[in-house]
Amino acid sequence: MSKAFTKETDAADDDDGDGPALPALPAGTRNYMTPAGYARLRAEFMALIDVERPKMVETVSWAAKNGDRSENGDYLYGKKRLREIDRRLRLLTKRLDIAEVVDPSVHHGSEQVFFGATVTYANARGDEKTITIIGIDEADSLAGEVSWVSPIARTLLKARVGDELQLVTPVGVEKIEVVEVQYPAPSSSKD
């Protein structure tokens, strides 16, 4: 059977080949995001739809007018890139539709861990580590950011400064203590 008559799955739609794929969300949950994370995804969506896609459509249209499409590199690459852009747009649309923007600054001054908190914790050896708990689509482990569904975030959520917790790791259970909790200060701008 021709590939034209096969059904693509949603998983194939989400694999865009155009940069990092967004991680899977737990079933039935909202896509919690900080205002900055939502703005980044929205900006990417708008850039794809307003700039990149129209430019690629123009290139493909121009290349199609140049004759034999089977050996036309501009046409073939353009069609492939259009599929990648459309896949990414579908994924971003899904993620933005279920996004729930949570402003962590509403908890400024709190000693309890909620979404958006920057938490410093210490293990039994006294080694301290600082992480920020943010949305799954915006977390960057190299920058000390973890998603709210990660094991460390799930362990820390709702804890308070001074609480001792049991963190389950692949190596075993590790005792950690919450040392400090910080939130960004509320913005003073009035809209």
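Note that the structure is predicted; figures quoted are calculated from it, not measured.

> Would you mind going over the sheet that holds strand β7 (residues 172-182) with me for this structure?
Note on sheets: strands pair through backbone hydrogen bonds, and any given pair is parallel or antiparallel. On the basis of which strands lie adjacent, the open sheet formed by five strands has the order β5-β4-β3-β7-β6 and mixed pairing. With partners counted over all chains shown, the strands left at the sheet margins are β5 (145-147) and β6 (164-169), one partner each. The average angle at which neighbouring strand axes cross in this sheet is 45°, direction not considered. Of the strand pairs in this sheet, strand β3 (residues 118-123) and strand β4 (residues 128-134) are connected by five bridges, and their pairing is antiparallel. Residue pairing for β4: A122 is matched across the bridge by E128.

> Would you mind showing me how to read the nonpolar core here?
Residues I133, I152 and L156 are the most contacted members of the largest nonpolar core, which totals 19 residues. For this core, the secondary-structure elements that each account for two or more residues are β3, β4, α4 (151-156), β6 and β7. If you look at the next biggest cluster of nonpolar residues, it comprises 14 residues, including L41, M56, I85 and L92.

> I would appreciate a short explanation of the packing of helix α2 (residues 35-64) against helix α3 (residues 73-97) in the present structure.
Packed helix pairs are specified by the crossing angle of their axes together with the interaxial distance, meaning the distance between the axes. Viewed as axis vectors pointing N to C, α2 and α3 meet at an angle of 155°, and their least axial separation amounts to 9 Å. Considering the angle they form, α2 stands roughly antiparallel to α3. For the pair α2 and α3, the crossing hand works out as left-handed.

> It is not clear to me how α2 should be interpreted in this structure. Could you clarify?
Each turn of an α-helix holds 3.6 residues, which means side chains three or four residues apart point in the same direction. For α2, spanning 30 residues, the distance from its first C-alpha to its last is 42 Å, which sits close to the expected 44 Å at 1.5 Å a residue. When the local axis directions of α2 are compared, the greatest deviation, roughly 40°, occurs at L48. Of the positions making up α2, those classed as buried are G37, L41, F45, L48, M56, V60 and A63.

> How should the pairing of β4 be read in this particular structure?
Connecting the antiparallel pair β3 and β4 is a turn made up of four residues, with G126 showing a positive phi of about 90°. The pairing of β4 with β5 spans three bridges and is classified as parallel. Of the residues in β5, the one forming a bridge with I133 is V146.

> So what exactly am I meant to see when it comes to the environment of T93 here?
Looking at where T93 falls in the secondary structure, it is placed in helix α3. Between the alpha carbons of T93 and R42 there is a distance of 9.1 Å; along the sequence they are 51 residues apart.

> Explanation requested: the packing of aromatic side chains in the structure shown.
For any pair of aromatic rings, geometry is given as the distance between the ring centres together with the angle between the planes. Throughout the structure, instances matching the rule amount to two aromatic pairs. Judged by centre distance (6.3 Å) and plane angle (50°), the ring pair of Y32 and F115 falls under tilted. Linking Y32 in strand β1 (residues 31-33) with F115 in the loop between β2 (99-101) and β3, this pair joins segments that are 83 residues apart in sequence. Residue F115 is classed as buried on the basis of its relative accessible area, which comes to 11%. When the ring of Y32 is compared with that of W148, the centres are 5.1 Å apart and the planes differ by 80°; the resulting orientation is edge-to-face. Placement of the pair is Y32 in strand β1 and W148 in the loop between β5 and α4, with a sequence separation of 116 residues.

> Explain the pattern of salt bridges to me, please; I cannot follow it from the model alone.
Two side chains with opposite charge may pair up if their charged atoms get near one another. Evaluation of the coordinates by the stated rule reveals nine salt bridges. E138 is paired through a salt bridge with R40; the nearest N and O atoms lie 3.6 Å apart. With E138 in the loop between β4 and β5 and R40 in helix α2, this pair connects stretches of sequence that are 98 residues apart. The partner of R95 in a salt bridge is D137, with the nearest N and O atoms 2.8 Å apart. Of this pair, R95 sits in helix α3 while D137 sits in the loop between β4 and β5; the two residues are 42 residues apart in sequence, bridging distant segments of the chain. Among the residues examined, R95 registers a relative accessible area of 7% and is labelled buried. Classification of D137 by relative accessible area gives buried; the value is 14%.

Reading the values: rules and limits
- Residues numbered from 1 in each chain as written.
- Predicted model: local features only at pLDDT ≥ 70, side-chain atom pairs only at ≥ 80, totals over all residues.
- Heavy atoms only, no water.
- Pairing = 2+ DSSP bridges.
- Helix = DSSP H or I, 4+ residues; strand = E, 2+ residues; numbered from the N terminus.
- Axes fitted to C-alpha atoms, helices over the stretch in contact; angles between N-to-C directions.
- Core = buried A, V, L, I, M, F, W, Y, C linked by side-chain atoms within 4.5 Å.
- Buried < 20%, exposed > 50% of the residue type's maximum accessible area, 1.4 Å probe, protein only.
- Parallel < 35°, antiparallel > 145°, perpendicular 65-115°, else oblique.
- Left-handed = near helix turned anticlockwise from the far one by under 90°.
- Expected span 1.5 Å × (residues − 1).
- Bend = angle between axes of the 7 residues up to and from the residue.
- Phe/Tyr/Trp six-rings, centres within 6.5 Å; stacked < 30°, edge-to-face > 60°.
- Salt bridge = Lys/Arg side-chain N within 4 Å of Asp/Glu carboxyl O.

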